[in-house]
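# Coordinate analysis (summary)
Residues per chain, in single letters:
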There are 2 protein chains.
Amino acid sequence: MNNNEVVSFERIRDAFYVYCDIIERYGKGKEGSPIGSFYIGCVILGSLACEIGLKALLALEDKPLHGHCLNNLFNNLNPQMQESIIQYTSYELESFNNALLENKDHFVKWRYYYESNQLAANYDFIFKLFYSIKTHLDTINPEYQTPDH
Amino acid sequence: MNNNEVVSFERIRDAFYVYCDIIERYGKGKEGSPIGSFYIGCVILGSLACEIGLKALLALEDKPLHGHCLNNLFNNLNPQMQESIIQYTSYELESFNNALLENKDHFVKWRYYYESNQLAANYDFIFKLFYSIKTHLDTINPEYQTPDH
């Protein structure tokens, strides 16, 4: 597959579920581990999973997009999907947009967190966004609605 | 901290140990999880840890480098350090160089593994390289030589 080929929705959706597995497995190992590194890992993996999940939803709308910026990906979804994702996070529209902007590029920044002195992440927002994206993908793919996912 | 500032050896070394924690925690959650996604996570996290570890060793030699390519980072280490890292992996020189070239950019490729049909990774090599880098960083920093690391 070269860069010009369009990756199918199913293929990206399955990759999103692989990241769900990775996050779940990572969470299992929490006990007895330093909380600082646990938090860093959660921010990196959670942000990457949001990115892949949004790309899967975009592929479903025939809008194959690249790049890490979550706000750019999100803003290219159709308005109904955007509204539904926001609603599930329980954030008000303005708070959601502000949080999305503030947390748009953690995968880029946090993997090299040691290069910066002023990193902040809204963990609550990242995981609400993650679960909202997952819920929407689950709905589109009923075969994945099992207790494992 | 802006992009022009040099990040200290200690700071990058500590980040490497955070990735060691992340890998250890991830490994703890292996039981009962799909082996395919476990493998993908190991390749991504192991490759990123090798990158950060090599950058720490380069910082120690006052050679701050950016970029993901492991062979470029490795080849900029002083020859004695290169030789010592190779020796610890138990690979012969030519095999090591070939494997390094074949496994140089997994962090870039595997995080979007679904975009490619022909990905391969030498898991044995990645983790031997990881443990060799860790052993060298441990030796430089005796305070980290605990059973936890």
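Residues numbered from 1 in each chain as written. Chains lettered and ligands numbered in written order. Predicted model: local features only at pLDDT ≥ 70, side-chain atom pairs only at ≥ 80, totals over all residues. Heavy atoms only, no water.

Turning next to the overall build of chain A. Scanning chain A from terminus to terminus reveals seven helices and zero strands. In chain A, the succession of α and β elements from N to C terminus is α-α-α-α-α-α-α. For the C-alpha atoms alone, the extent of chain A along its principal axes is close to 40 × 35 × 35 Å. The buried share among the 149 residues of chain A stands at 52%. Of the contacts formed within chain A by residues at least 6 apart in sequence, a portion of 62% connects residues at least 24 apart. For chain A, the exposed area adds up to about 7100 Å²; of that, 50% sits on carbon and sulfur atoms. Across chain A, the 12 positively charged side chains and the 19 negatively charged ones have centroids separated by 5 Å. (Helix = DSSP H or I, 4+ residues; strand = E, 2+ residues; numbered from the N terminus. Buried < 20%, exposed > 50% of the residue type's maximum accessible area, 1.4 Å probe, protein only. Contact = heavy atoms within 4.5 Å. Areas by Shrake-Rupley, 256 points an atom, 1.4 Å probe, with all protein chains shown as cover. Lys, Arg positive; Asp, Glu negative; His and termini not counted. Charge placed at Lys NZ, Arg CZ, Asp CG, Glu CD.)

Below, the discussion takes up the interface of chain A and chain B. In this assembly, 39 residues from chain A lie in contact with 39 residues from chain B. Three residues stand out in chain A for area buried against chain B, namely Arg25(A), Tyr114(A) and Glu115(A), and they jointly supply 23% of the buried area on that side. Counting across the chain A and chain B interface gives zero salt bridges. Counting the contacts that link chain A with chain B gives 10 residue pairs in polar contact (both at pLDDT 80 or more). Elements with a contribution of two residues or more to the side of chain A that touches chain B: α1 (9-28), α2 (35-60) and α6 (106-110) of chain A. The dominant element in the side of chain A that touches chain B, judged by the number of residues it contributes, is α1(A), at 11 residues. For the side of chain A that touches chain B, the residue count by class is 19 nonpolar, nine polar and 11 charged. (Buried area = accessible area lost by both parts, 1.4 Å probe. Salt bridge = Lys/Arg side-chain N within 4 Å of Asp/Glu carboxyl O. Polar contact = N/O pair within 3.5 Å; in protein donor to acceptor, adjacent residues only side chain to side chain. Nonpolar A, V, L, I, M, F, W, Y, C, P; charged D, E, K, R; others polar.)

With that out of the way, let us pick up unusual backbone geometry. One non-glycine residue, Asp62(A), adopts positive backbone phi at about 60 degrees. Non-glycine residue Ser90(B) carries a positive phi angle of around 70 degrees. With respect to the helices and strands, the residue Ser90(B) is situated in the loop between α4 (79-89) and α5 (93-102).

In screw terms, the move from chain A to chain B is a rotation of 180 degrees and a rise of 0.0 Å along the axis, fitting with an RMSD of 0.0 Å. Such a turn and shift between the copies fits a two-fold axis. Of every C-alpha in chain A, the one belonging to Tyr26(A) sits nearest the axis of rotation, 2.2 Å from it. When the interface residues of chain A are mapped onto chain B, 100% of them again fall at the interface, so both copies present the same face. (Least-squares fit on C-alpha atoms with pLDDT ≥ 70 in both.)

All names here are of chain B. Summarising the element assignment, Met81 is placed in helix α4. Along the backbone, Met81 and Leu60 are 21 residues apart, and their C-alpha atoms lie at a distance of 11 Å. Those residues within four positions of Met81 in sequence are excluded, and the remaining contacts are Leu57, Glu61, His136 and Ile140.

This model, assessed by the stated rule, comprises 27 aromatic pairs over all chains. Ring centres 4.9 Å apart and planes at 65 degrees place the aromatic pair Phe130(B) and Tyr131(B) in the edge-to-face group. Its relative accessible area of 45% is what places Tyr131(B) among the partly exposed residues. An aromatic cluster of three or more residues is present, and its members are Phe16(A), Tyr17(A), Tyr39(A), Trp110(A), Tyr123(A), Phe127(A), Phe130(A) and Tyr131(A). Its guanidinium or amino end placed over the ring of Phe107(B), Arg111(B) lies 4.9 Å from that ring's centre, counting from NZ or CZ. (Phe/Tyr/Trp six-rings, centres within 6.5 Å; stacked < 30°, edge-to-face > 60°. Lys NZ or Arg CZ within 6 Å of the ring centre and 35° of its normal.)

Attention now goes to empty space enclosed by the protein. With the rule as written, the count across this model stands at one cavity of 30 Å³ or more. By volume, the largest cavity amounts to about 110 Å³. Around the largest cavity, the lining comprises 14 residues; the ones closest to its centre are Ile44(A), Leu45(A), Leu48(A), Ile44(B) and Leu45(B). Taken together, the residues of the lining of the largest cavity sort by class into 12 nonpolar, two polar and no charged. (1 Å grid on protein atoms, 1.4 Å probe; cavity = no way out; pocket = protein on both sides within 12 Å on 5 of 7 lines; lining within 4 Å. Points joined across faces, edges and corners; volume = space filled by probe spheres on them.)

Okay, the nonpolar core next. As a rule of thumb, nonpolar side chains are buried together in soluble globular proteins. Grouped together as the largest cluster of nonpolar side chains are 102 residues, with contacts concentrated most on Phe16(A), Ile52(A), Leu129(A), Phe16(B), Ile52(B) and Leu129(B). In this structure, Leu129(B) is in contact with Cys50(B), Leu70(B), Ile85(B), Thr89(B), Phe96(B) and Leu100(B), ignoring residues within four places of it in sequence. (Core = buried A, V, L, I, M, F, W, Y, C linked by side-chain atoms within 4.5 Å.)

Across all of its chains, the model carries 12 salt bridges over all chains by this definition. For Glu61(A), the salt bridge identified is with Lys63(A), shortest N-O distance 2.8 Å. Taking relative accessible area as the criterion, Glu61(A) reaches 18% and is therefore assigned buried. A salt bridge links Arg13(B) to Asp14(B); the nearest nitrogen and oxygen atoms lie 3.1 Å apart. When its relative accessible area of 30% is taken as the criterion, Asp14(B) is described as partly exposed.

What follows deals with the side chain of Arg111(B). Turning to its location among the elements, Arg111(B) is positioned in the loop between α6 (106-110) and α7 (123-140). Despite its burial, Arg111(B) pairs with no opposite charge, the nearest such side chain being Glu51(A) at 7.0 Å. Each residue touching Arg111(B), except ones within four places of it in the same chain, is listed here: Tyr19(A), Leu48(A), Ile52(A), His68(A), Phe107(A), Arg111(A), Ile44(B), His68(B) and His106(B).

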